[in-house]
Amino acid sequence: MTKLMTRKLSVAAIAGTMALGMSACTQVEGSSGTSSSSSSSSSSEAAPSEDSPSSPESPESSESSSPSEEPSSSSSSPSSSESNDDSGGDDSSGPKVGKVGQEVKTDKMSIKVSKVTDDVKSSSDYQKPAAGKHWVAINISATNLDDDELRFSSSCVKVRLSDNTSPSDKYVDYGSRLGYGSLYKGDTTTGDLVYEVSPGQKIKTIDVDCSYGDDRPVRIQAN
């Protein structure tokens, strides 16, 4: 009886020892797994996610990169081709404009109207203006500035009166009549031309054009 009880107690002690050993092993393995899991979780949180989107651009950066649009101006400047007088202006398409007493040069010639004399008289008693009219004389000089010959005469000169008529010159014994002929480079001709005008009319402009297509005419403002 005593042996049987002793054997049972021994078996119970062995079983208890084995149970304690198995419990210890289970706790050790569980701790290791938890530690490993915690380490893995920490690494996962520390590493940046590859799928995370990049930070968006700031509004100021976006606005500064966009080109600014300015409204087009609705105002327009006046055309430079407009002229304030009836001479056509002094641009490249019109005549070279000057005044009495002023020398005006083009590429081929130089023109100067020294004076305009109203109501001149002929040195001959036989020459008289038409009834109710009078004579007006201009003194003009022309110089050839070009290498080519310049044929200058009274046909190159055209006057316009204040009523916009253009009379022809008259052969009057007054002063020194303008000659005609060939002018070579540096040559100058000077003389007087006389025009018959009605009462109250005066010479307004004097145009000089020898019909050279590659040269500009000259316009002298007399009034």
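Residues numbered from 1 in each chain as written. Predicted model: local features only at pLDDT ≥ 70, side-chain atom pairs only at ≥ 80, totals over all residues. Heavy atoms only, no water.

If you check an unreviewed UniProt entry, the protein appears there as DUF4352 domain-containing protein from Dermacoccus abyssi.

Peer 1: It is not clear to me how the sheet that holds strand β9 (residues 188–197) should be interpreted in this structure. Could you clarify?
Peer 2: Across a sheet, strands are paired by hydrogen bonds formed along the backbone, either parallel or antiparallel in direction. The 5 strands lie next to each other as β2-β3-β4-β9-β7, forming an open sheet whose pairing is antiparallel. A single partner strand is all that each edge strand has here, and the edge strands are β2 (103–105) and β7 (169–170). Note that β2 and strand β3 (residues 109–120) share 3 bridges and pair antiparallel. For V104, the partnering residue across the bridge sits in β3 and is I111. (Pairing = 2+ DSSP bridges. Helix = DSSP H or I, 4+ residues; strand = E, 2+ residues; numbered from the N terminus.)

Peer 1: It is not clear to me how the state of the cysteines should be interpreted in this structure. Could you clarify?
Peer 2: Enumeration according to the criterion identifies 1 disulfide in this entry. Paired by a disulfide, C156 and C210 hold their sulfur atoms 2.5 Å apart. Between C156 and C210, the S-S torsion sits near 120°, and that sign places the bridge as right-handed. Taken together, the positions of C156 in the loop between β5 (150–152) and β6 (157–161) and C210 in the loop between β10 (203–208) and β11 (218–221) put the pair 54 residues apart, joining distant regions of the chain. Here C156 and C210 have matching classes, each one buried. (Disulfide = S-S within 2.5 Å. Buried < 20%, exposed > 50% of the residue type's maximum accessible area, 1.4 Å probe, protein only.)

Peer 1: I'm lost on the nonpolar core in this one. Help?
Peer 2: Across soluble globular proteins, you tend to see nonpolar side chains buried next to one another. Ranked by internal contacts, the top residues of the largest apolar core, which has 25 residues, are I111, I138, F152, V157, I203, I206 and V208. Those elements giving two or more residues to this core turn out to be β3, β4 (134–144), β5, β6, β9, β10 and β11. Look past the residues within four positions of I111 in its chain and what remains in contact with it is Q102, E103, V104, I140, S141, A142, F152, V208 and V218. In this structure, V120, W135, A137 and V172 belong to the second largest nonpolar core, which totals 5 residues. (Core = buried A, V, L, I, M, F, W, Y, C linked by side-chain atoms within 4.5 Å. Contact = heavy atoms within 4.5 Å.)

Peer 1: When you look at the pairing of β3 in this model, what are you seeing that I'm missing?
Peer 2: For a regular strand, side chains alternate in direction, first toward one face of the sheet and then toward the other. Turn length for the β2-β3 hairpin, with the two strands adjacent in sequence and antiparallel, is 3 residues. Examined bridge by bridge, β3 and β4 share 10 bridges and lie antiparallel to one another. Its bridge partner lying in β4, T117 is registered against A137.

Peer 1: Is there a simple way to explain the side chain of Q201 in this structure?
Peer 2: With respect to the helices and strands, Q201 occurs in the loop between β9 and β10. Ignoring anything within four residues of it in the chain, the contact list for Q201 reads H134, L161, S162 and D163.

Peer 1: Honestly, the pairing of β9 in this entry has me stumped. Any pointers?
Peer 2: In terms of residue burial, β9 counts as a mostly covered element, since 8 of its 10 residues are buried. Across 10 bridges, the pairing between β4 and β9 is antiparallel. Paired with W135 across the strands is E196, a residue of β9. Pairing analysis gives 2 bridges linking β7 to β9, with the strands arranged antiparallel. In the strand pairing of β9, K170 is matched with V194.

Peer 1: Whenever I open this one, the pattern of salt bridges confuses me. Can you help?
Peer 2: Opposite charge on two side chains makes pairing possible when the charged atoms of those side chains draw close. Counted according to the given criterion, the structure contains 6 salt bridges. In this structure, the salt-bridge partner of K121 is D119, at a minimum N-O distance of 3.6 Å. A residue is classified by how much of its surface remains accessible, and K121, at 59% relative accessible area, is exposed. Residue E149 is joined to R151 by a salt bridge in which the shortest nitrogen-to-oxygen separation is 3.4 Å. E149 sits in the partly exposed class, given a relative accessible area of 34%. For R151, a relative accessible area of 54% puts it in the exposed group. (Salt bridge = Lys/Arg side-chain N within 4 Å of Asp/Glu carboxyl O.)

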